[in-house]
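Summary of the model geometry
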Amino acid sequence: MTLQQARNSNIDPLALDETEEEIIDQEQRDTWDSEPLSQIPFKILQGHSEAVSGCHFCFDDARIITCSHDGTVKLWDIPNCTPVCTFDGGHTSPITECCIRSDNKRLITSSWDKTVKAWDVETAKVLWTAHLAGLVTSCDISLDGKFVAAGSDVENGVLIVDATNGKYVSKLKDHHLSTVTSCRFDPDIQRVASVSADKAVKLWDMIAQKTTITLMNKHSNVVSDCCFSMNGRFLCTASWDKTLLLWDIKTGKFRSSGPVILSNGHEGSVSSCVFSKDASVVVSGAYDRTVSIWDTEGECKKLTLKGHQDWVMDVAVSTDKNWILSSSKDCTIRLWNIQKSDHIRAVIETRRVMGLKIIQQQHMGRK
């Protein structure tokens, strides 16, 4: 099925074909990575009636915000795992992404109804609506809360608007050769990264008003998501080629040595990625229904979380790295407590292998 056919049939344009028998088989063999039921506690949050496309921690990790193809956004209380507020009636089609301002007062949503909306978190009312030419695939709000970026499919572009009123600031038409799948501000609010079905990664300079970095042909399939580390040094990109790439953007090291490749973590297309606050961990979600936790220094996977009955569409990690959040096409959100994950045999083995790798590198360096 092509992207255009999927849009016309109101099916997720990033979907993969799968049979009912495959879903049943997954339910029958649902286990944790390496060892069955490896003692990682989790909670299942249920409240959306369709695929949950986005999830984030907010309010100092005391609450969760989620958005769904059912056209709603929900704010959840973590201790009770129940929604305390539902944002409804704003969009007429599936919501593709949501993000919340750092002060937790404004919520931004994007939708296949060709709009981006800003909401007042306290009143759950729409403050403004920005209209785009095509389906809006993603949205992001800058760290200072002044700008909103959105990706579109028809013009393969990125739109940047004023976060206070939704008025256009910059319109990057034909920025990519195909659908823009994700866009993100860097923490310094100097650049906007965008990725696309054209397999390209681009960084657009907010000050110079031009594209300063274009990364082509490093991924072999659709680039589905991207995220910056909080210090702005690294950009992570996720792809349908089942890999993640780490780009050292701030130092420019990628120009000489290329990106760090994180592979062999997923058996299906990678849909989402996020850094921990200290950039020591990357969390990814995929269409193989799993969540992977990666050690960025060791450049390897630490652990895989299994349990979702359908594609994982988005992931998040708490500030203290004790909690992982995942949202899925199975209409649920899972909250994983990985605080004691270092005691799991799979993680212990990974650390042992990492130690041997470091010793080997040191030995090679002395030759």
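In case you missed it, the structure is sitting above this.
Throughout what follows, the structure given in this document is the object of discussion. (Residues numbered from 1 in each chain as written. Predicted model: local features only at pLDDT ≥ 70, side-chain atom pairs only at ≥ 80, totals over all residues. Heavy atoms only, no water.)

Quick look at the pattern of salt bridges now. One pass over the full model with this rule turns up eight salt bridges. Lysine 250 is paired through a salt bridge with aspartate 188; the nearest N and O atoms lie 3.4 Å apart. Of this pair, lysine 250 sits in the loop between strand E20 (244–248) and helix H3 (254–257) while aspartate 188 sits in the loop between strand E14 (180–185) and strand E15 (191–196); the two residues are 62 residues apart in sequence, bridging distant segments of the chain. Residues arginine 233 and aspartate 248 are paired through a salt bridge, measuring 2.7 Å at the closest nitrogen-oxygen approach. (Salt bridge = Lys/Arg side-chain N within 4 Å of Asp/Glu carboxyl O. Helix = DSSP H or I, 4+ residues; strand = E, 2+ residues; numbered from the N terminus.)

Spatially, E2-E3-E4-E5 is the arrangement adopted by the four strands of the open sheet, whose pairing is antiparallel. Each edge of the open sheet carries a strand with a single partner, namely strand E2 (52–58) and strand E5 (82–87). Geometrically, the sheet is characterised by an average inter-axis angle of 20° between neighbouring strands, direction not taken into account. As paired elements, E2 and strand E3 (residues 63–68) share six bridges and run antiparallel to each other. In the strand pairing of E3, cysteine 55 is matched with threonine 66. (Pairing = 2+ DSSP bridges. Axes fitted to C-alpha atoms, helices over the stretch in contact; angles between N-to-C directions.)

What follows covers the layout of surface pockets. By volume, the largest pocket is sized at about 1,200 Å³. Lining the largest pocket are 38 residues, and of these His56, Phe57, Ile100, Leu143 and Met230 lie nearest its centre. Secondary-structure elements contributing two or more residues to the lining of the largest pocket are E2, strand E6 (95–100), strand E10 (136–141), E14, strand E18 (223–228), strand E22 (270–275) and strand E26 (312–317). Residues of the lining of the largest pocket, tallied by class, amount to 20 nonpolar, eight polar and ten charged. (1 Å grid on protein atoms, 1.4 Å probe; cavity = no way out; pocket = protein on both sides within 12 Å on 5 of 7 lines; lining within 4 Å. Points joined across faces, edges and corners; volume = space filled by probe spheres on them. Nonpolar A, V, L, I, M, F, W, Y, C, P; charged D, E, K, R; others polar.)

Inspection of the secondary structure puts serine 53 in strand E2. In this structure the side chain of serine 53 is engaged in a polar contact, spanning 2.6 Å, whose partner is the backbone oxygen of isoleucine 95. Sequence-distant contacts of serine 53, that is, excluding residues within four places in its chain, are made with Cys67, Ser68, His69, Ile95, Thr96, Glu97, Met313, Asp314 and Ser327. (Polar contact = N/O pair within 3.5 Å; in protein donor to acceptor, adjacent residues only side chain to side chain. Contact = heavy atoms within 4.5 Å.)

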